[in-house]
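Spelled out, the chains give:
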Amino acid sequence: MASRMAKSPEQEHPVKAFGWAARDSSGHLSPFKFSRRATGEKDVTFKVLYCGICHSDLHSIKNEWGGAMYPLVPGHEIVGVVTEVGPKVTKFKVGDKVGVGCLVGSCHSCESCANDLENYCPKTIFTYNSKCHDGTMTYGGYSDIMVADEHFVVAIPDSLPLDGVAPLLCAGITVYSPLKHYGLDKPGLHLGVVGLGGLGHMAVKFAKAMGLKVTIISTSPSKKQEAVERLGADSFLVSHDQEQMQSAMGTMDGIIDTVSAVHPLLPLLALVKNDGKLVMVGAPDKPLELPAFPLLMGRKVVGGSLIGGLKETQEMINFASKHNITSDIEVVQMDYVNTAMERLAKADVRYRFVIDIGNSLKSAA
Amino acid sequence: MAKAPCQEHPQKVLGWAAVDKSGTLSPFHFSRRENGDDDVTVKIQYCGVCHSDLHLAKNDWGFTNYPVVPGHEIVGAVTKVGSNVNKFKVGDRVGVGVIVDSCRSCECCQQDLENYCPQVIFTYNSHSKDGSKTYGGYSDFIVVDQRFVLRFPEGLPSDAGAPLLCAGITVYSPMKYYGMTEPGKHLGVAGLGGLGHIAVKLGKAFGLKVTVISSSPRKEAEAIQRLGADSFLVTSDLVKMKAAFGTMDYIIDTVSAVHPLAPLISLLKLNGKLVTVGLPDKPLELPIFPLVLGRKLVGGSDVGGMKETQEMLDFCAMHNIAADIELIRMEEINTAMERLAKSDVKYRFVIDVGNSLPSRY
């Protein structure tokens, strides 16, 4: 019997789609024709207007975490305008501004899903580089249209500019969720933020809006002025400056550590007070050294956190709207994306690239 | 010239000390202060042998100040009380644990967390406020401020209760602080030694399901039949370990040697907590991905404050919890230390100080 050939990405689904994909671990992105499913009864289809470039996109296209399935269309900070809704959709209508973040599916029946923690479901389906229930690949937001189950679509209030809100869908929720979960959301507390990039600058903005004192801990002295004058951080520590670090010992209630490169935990543990919490949201790919004495002598904690569930993501967007919080972005054209990735690898961006999909993603005729 | 240990203070004391990093203990003459207005003098009946005693005798942590008289699980009888002492009277049965003083004024001290006071003074290998060294319970008597003396409740045996003063509070405090007390939840106890076996007993008393995680298969029968653990995992049994992944709400890690954290973190459920109370002499490797993917945490804890230590003793008396011990004579301490280094004890040595240390007191 002749074997059935797998359908090409263009033929898998009935609706034509166009995006940019990486074909191999060089990570080089280029135009890519594929297809998306027709709007199902609970689906929301929207025209993508903007998509943030997350550092995870870079890790994924270069297969740095393993498991990359090429061709890979990244992008999980996606915003746009609804063009079609399925008959069972209740929360959205055509013309609404919406967003999709890192997740497009989960099992809906496990304890995590029941607790609005779809991000921790063992069967999560990620926005890109995942397999749908029907076995087809998921493709992300570096593309012209997006189709998602309404459960995984977030409403974007009119008050927030679409380009600046896109990065909240990953960077924003990734820091908002642990601020709440680890109790680092109360006025008067002192929060440290390690790393001033896409995640770090969002942490500063959220924490200031929550009434905390914020200190940035960074390897780059050049970021200090902006951190204090524009982002509103209360102080700035250069991590290799022993004297500065020493003077801040035992002063912080918690730290959000956004750095995904391997780095020492000991100086960070020294910065937190007794009962203080060091929360990792960047994930270095090698284990870090954990010295037992400082952990025990101050009853300190090192914890992790991964994005957030959909309910909390909507809550975070609403909080951002109330406090006028958006990401600081550099808007780029689709064909700038490879240069943007090179600059991102060198942390040369304040603080998130956002692709102007609506105006620059043109289908090759 | 610095005074010799036996001349520093007015009262002569006999103890056993280690004088170098061989860790070998031998008789040692030193001295203690007169019983002050706030002090209680305790004639020592029993003293538990904590693994910290071994670490410090051998300078494993690099900060031993020789000669060192170890011992911080002390039980005895009050022989003198100062004029300001209202909590104790002569003849009372009391305990002294890991701490003999603190600054009394910082936020930690005010919250009954003397153990976290930056100026905490430990029962041995520390310096008192007058600058003189502190010497521990491998000795015939000790003089301690009443704030740092514990009442030994009725029903708690002096010998088997002694290890509660360090081992007991070291696991009780984090079990309360990290919320490991909800009946029906699943607790893992890594390491079945002095700390671990008490954590099992406390876990059962809190109504938890308890799994012991150990590198020694030979400990299984006793863990289940005598200590009451519900199940037992051997860390080298990869199949059983994998089957238990994601099943535990919390783990108390009592292991004091360097060991991998990754398998323990895998045993935790979402939001699980791994609390380490052992003090390896080198940093542990902490994989970050599993913490992030499962919103898990690794925390530490260090003994407990005085109020909580008393609460723990009262809880243990009420629930009939004491350590499983092997009573030894003072002169057997070096052999006991060698056996302790090989984990060859079920589960704490306790020195019968009262009956084996000739006392001039």
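Computed from a predicted structure; not experimentally measured.

**Looking at the domain arrangement of chain B**
All names here are of chain B.
Then comes step 1: As assigned here, chain B comprises domain 1 (11-166 + 324-355) and domain 2 (167-300).
Then comes step 2: Measuring from the centre of the C-alpha atoms in domain 1 to the corresponding centre in domain 2 gives 28 Å.
Then comes step 3: Across the boundary between the two partners, domain 1 contributes 14 residues, which contact 19 residues of domain 2.
Then comes step 4: Across the interface of domain 1 and domain 2, roughly 1300 Å² is buried in total on both sides, 46% from carbon and sulfur atoms.
Then comes step 5: Applying the counting criterion to the domain 1 and domain 2 interface returns three salt bridges.

**Observations concerning the UniProt feature "domain: Enoyl reductase (ER)" (unreviewed entry) in chain A**
Then comes step 1: The residues that UniProt annotates with the feature "domain: Enoyl reductase (ER)" (unreviewed entry) are residues 27-355 of chain A.
Then comes step 2: Helix makes up 26% of residues 27-355 of chain A and strand 27%, whereas the separation of the span's terminal C-alpha atoms amounts to 17 Å.

**Points about the environment of A:E312**
Residues and elements named next belong to chain A.
Then comes step 1: For E312, the position within the fold is in helix α10 (residues 310-322).
Then comes step 2: Given the relative accessible area of 18%, E312 is considered buried.
Then comes step 3: Between the C-alpha atoms of E312 and F126, which are 186 residues apart in sequence, the distance is 17 Å.
Then comes step 4: With sequence-adjacent residues up to four places away left out, E312 is seen in contact with I173, Y176, S177 and K180.
Then comes step 5: Side-chain polar atoms of E312 contact the side chain of S177, separated by 2.7 Å.

**Some remarks on the side chain of B:T41**
Then comes step 1: Along the polypeptide, B:T41 turns up in strand β3 (residues 39-49).
Then comes step 2: Overall, B:T41 belongs to the buried group, its relative accessible area being 0%.

**What about the packing of helix α4 (residues 167-177) of chain B against helix α10 (residues 306-318) of chain B?**
Residue and element names in this part refer to chain B.
Then comes step 1: Look at α4 against α10: their axes get within 10 Å of each other, and the N-to-C directions meet at 100°. Relative to α10, the element α4 lies roughly perpendicular. When α4 is examined against α10, the residues G168, I169, Y172, S173 and K176 are found in contact with a partner set consisting of E308, T309, E311, M312 and F315.
Then comes step 2: Among the residues making up the contact of α4 with α10, the classes are represented as four nonpolar, three polar and three charged.

**Focus on the packing of α4(B) against helix α5 (residues 194-205) of chain B**
Residues and elements named next belong to chain B.
Then comes step 1: Between α4 and α5, the shortest axis-to-axis distance is 8 Å and the interhelical angle comes to 50°. By the angle between their directions, the pair α4 and α5 is classed as oblique. Where α4 crosses over α5, the two elements pack in a sense that is right-handed. Where α4 approaches α5, its residues A167, G168, T170, V171, Y172 and M175 are matched on the opposing element by G194, L195, I198, A199, L202 and G203.
Then comes step 2: When grouped by side-chain class, the residues that make up the contact of α4 with α5 number eight nonpolar, four polar and no charged.

**Considerations on the interface of chain B and chain A**
Often the size quoted for an interface is simply the accessible area lost on bringing the parts together.
Then comes step 1: Taken residue by residue, the interface counts 35 residues in chain B and 34 residues in chain A.
Then comes step 2: Taken over both partners, the interface formed by chain B and chain A buries close to 3000 Å², and the fraction arising from carbon and sulfur atoms is 70%.
Then comes step 3: Ranking the residues of chain B by area buried against chain A places B:I288, B:V292 and B:R295 at the top, with a combined share of 24%.
Then comes step 4: For the pair chain B and chain A, the number of links is zero salt bridges.
Then comes step 5: Between the two partners, chain B and chain A, sit seven residue pairs in polar contact (both at pLDDT 80 or more).

**Overview of the packing of aromatic side chains**
Then comes step 1: Scanning the entire structure with this criterion turns up 17 aromatic pairs over all chains.
Then comes step 2: Ring centres 5.5 Å apart and planes at 20° place the aromatic pair B:F28 and B:F30 in the stacked group.
Then comes step 3: Its relative accessible area of 12% is what places B:F28 among the buried residues.
Then comes step 4: Grouped by ring-pair contacts, the aromatic residues A:F32, A:F34 and A:Y139 constitute a single cluster.
Then comes step 5: One Lys or Arg, A:R299, reaches over the ring of B:Y177 and ends 3.6 Å from the middle of that ring.

**Let's talk about the side chain of B:E73**
Residue and element names in this part refer to chain B.
Then comes step 1: Relative to the assigned elements, E73 resides in the loop between α1 (51-57) and β4 (74-81).
Then comes step 2: Note on E73: relative accessible area 0%, which makes it buried.
Then comes step 3: A polar atom in the side chain of E73 sits 2.8 Å from the side chain of R348.
Then comes step 4: For E73, the contacting residues outside a window of four places in its chain are Y46, C47, G48, V49, C50, V96, A162, P163, L165, C166, A167 and R348.

**Some words on the pairing of β4(B)**
Then comes step 1: With seven bridges connecting them, β3(B) and β4(B) associate as antiparallel partners. Its bridge partner being in β4(B), B:V42 is matched across the sheet by B:V78.

**Overview of the pattern of salt bridges**
A pair can form between side chains of opposite charge whenever their charged atoms are brought close.
Then comes step 1: The tally for this structure, following the rule as stated, stands at 36 salt bridges over all chains.
Then comes step 2: For A:E41, the salt bridge identified is with A:K88, shortest N-O distance 3.5 Å. Highlighted residues: A:E41 in the loop between β2 (29-36) and β3 (43-53) and A:K88 in the loop between β4 (78-85) and β5 (97-100), separated in sequence by 47 residues.
Then comes step 3: Taking relative accessible area as the criterion, A:E41 reaches 43% and is therefore assigned partly exposed.
Then comes step 4: In this structure, the salt-bridge partner of B:K176 is B:E311, at a minimum N-O distance of 3.8 Å. You can see B:K176 sitting in helix α4 and its partner B:E311 sitting in helix α10, a full 135 residues away along the chain.
Then comes step 5: Residue B:K176 is classed as partly exposed on the basis of its relative accessible area of 38%.

Conventions adopted
- Residues numbered from 1 in each chain as written.
- Chains lettered and ligands numbered in written order.
- Predicted model: local features only at pLDDT ≥ 70, side-chain atom pairs only at ≥ 80, totals over all residues.
- Heavy atoms only, no water.
- Domains from an automatic or database assignment.
- Contact = heavy atoms within 4.5 Å.
- Buried area = accessible area lost by both parts, 1.4 Å probe.
- Salt bridge = Lys/Arg side-chain N within 4 Å of Asp/Glu carboxyl O.
- UniProt positions renumbered as here; feature names shortened; annotations may be inferred.
- Helix = DSSP H or I, 4+ residues; strand = E, 2+ residues; numbered from the N terminus.
- Buried < 20%, exposed > 50% of the residue type's maximum accessible area, 1.4 Å probe, protein only.
- Polar contact = N/O pair within 3.5 Å; in protein donor to acceptor, adjacent residues only side chain to side chain.
- Axes fitted to C-alpha atoms, helices over the stretch in contact; angles between N-to-C directions.
- Parallel < 35°, antiparallel > 145°, perpendicular 65-115°, else oblique.
- Nonpolar A, V, L, I, M, F, W, Y, C, P; charged D, E, K, R; others polar.
- Left-handed = near helix turned anticlockwise from the far one by under 90°.
- Phe/Tyr/Trp six-rings, centres within 6.5 Å; stacked < 30°, edge-to-face > 60°.
- Lys NZ or Arg CZ within 6 Å of the ring centre and 35° of its normal.
- Pairing = 2+ DSSP bridges.

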